[in-house]
Amino acid sequence: MSDISLSSPGGREALILASKSAARRAMLENAGVPFEVRVAGVDEDAIKAVSTDLDPAGLAVRLAEAKALAVSREDETAWVLGSDQTLAFDGGLISKAKSLDAARERLKSMRGRTHHLHSGAALAVKGEIVWSGVDTVEMRMRDFSDAFLDAYLAAEGEALLACVGSYRLEGMGSQLFAAIDGDYFTVLGLPLWPVLAELRRAGVLSA
């Protein structure tokens, strides 16, 4: 980790979350972390296209780093936290569904089977990545009925299109699963424990 140190007017380090994810914002807010939000304007598809050398976990980190760097290069007065998530299923990489019909077909293909979520995070200061990490969760869906799937899609609606797996574990999506092996916060899109540890080490949070 770099020895760069930046202080906010209150004496603590300033933090920017480079993500528009409501779940990630809620995690930090609930943990009592002071931050502001600035959405990183990165072309995720372009990054994926040139990252064929990476496995899904490595891609999650690269996307997180790209977001952190994009905002950090525009504002050198704060620490910037970038994060992203990839879903590996059936030997391939799954992207967000573009319609509820697509979400329905994806969930039908995943029911009764196992997939993996990889949540990457990165901290940048003055246009430099100073820390990054990734955590993985194994997700096993139950063999839910078509009737349940239709009710689920009707209840959750287009909010599912913002989720890489077409589910929100903090909502009705929890009913899709038979078992989960890993950390709850990682499922929501941020490896919270290592992020908090690094923020304490950096002086953003009190130790």
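As a starting point, this report considers the structure included with it. (Residues numbered from 1 in each chain as written. Predicted model: local features only at pLDDT ≥ 70, side-chain atom pairs only at ≥ 80, totals over all residues. Heavy atoms only, no water.)

## A few points about the nonpolar core
Grouped together as the largest cluster of nonpolar side chains are 45 residues, with contacts concentrated most on Leu81, Tyr152, Tyr167 and Leu176. Other than its neighbours up to four places away in sequence, Tyr167 contacts Leu87, His115, Leu117, Met139, Met141, Tyr152, Leu160, Gly173, Leu176 and Phe177. Residues Ala64, Ala78, Val80 and Ala124 belong to the second largest nonpolar core, which totals 11 residues. (Core = buried A, V, L, I, M, F, W, Y, C linked by side-chain atoms within 4.5 Å. Buried < 20%, exposed > 50% of the residue type's maximum accessible area, 1.4 Å probe, protein only. Contact = heavy atoms within 4.5 Å.)

## Considering the pattern of salt bridges
Between side chains of opposite charge, pairing is possible as soon as their charged atoms come close. According to the stated counting rule, one finds 11 salt bridges in the structure shown. Between Asp75 and Arg38 there is a salt bridge, and its shortest N-O distance comes to 2.6 Å. One end of the pair, Asp75, is in the loop between helix 3 (56-72) and strand 3 (79-89); the other, Arg38, is in the loop between strand 2 (36-37) and helix 2 (44-49), and 37 residues separate them in sequence. Taken together, the shared-partner salt bridges in this structure form one network comprising Glu36, Arg38 and Asp75. (Salt bridge = Lys/Arg side-chain N within 4 Å of Asp/Glu carboxyl O. Helix = DSSP H or I, 4+ residues; strand = E, 2+ residues; numbered from the N terminus.)

## Notes on the packing of helix 4 (residues 100-110) against helix 5 (residues 146-156)
Contact pair helix 4 / helix 5: the axes reach a minimum separation of 11 Å and the direction vectors enclose 145°. For the crossing formed where helix 4 meets helix 5, the hand is right-handed. Here Leu100, Ala103, Arg104, Leu107 and Lys108 of helix 4 lie close against helix 5, whose contacting residues are Asp146, Leu149, Asp150, Tyr152 and Leu153. Per-class residue counts for the contact of helix 4 with helix 5 are 6 nonpolar, no polar and 4 charged. (Axes fitted to C-alpha atoms, helices over the stretch in contact; angles between N-to-C directions. Left-handed = near helix turned anticlockwise from the far one by under 90°. Nonpolar A, V, L, I, M, F, W, Y, C, P; charged D, E, K, R; others polar.)

## A closer look at the pairing of strand 6 (residues 128-141)
Note on strand geometry: in a regular strand, side chains alternate between the two faces of the sheet. Alignment of strand 5 (residues 114-125) against strand 6, held across 12 bridges, turns out to be antiparallel. Note that in strand 6 the partner of His115 across the bridge is Met139. In this sheet, strand 7 (residues 177-181) lies alongside strand 6 in antiparallel orientation, the contact comprising 4 bridges. Residue pairing across strands places Glu138 opposite Asp181, the latter belonging to strand 7. (Pairing = 2+ DSSP bridges.)

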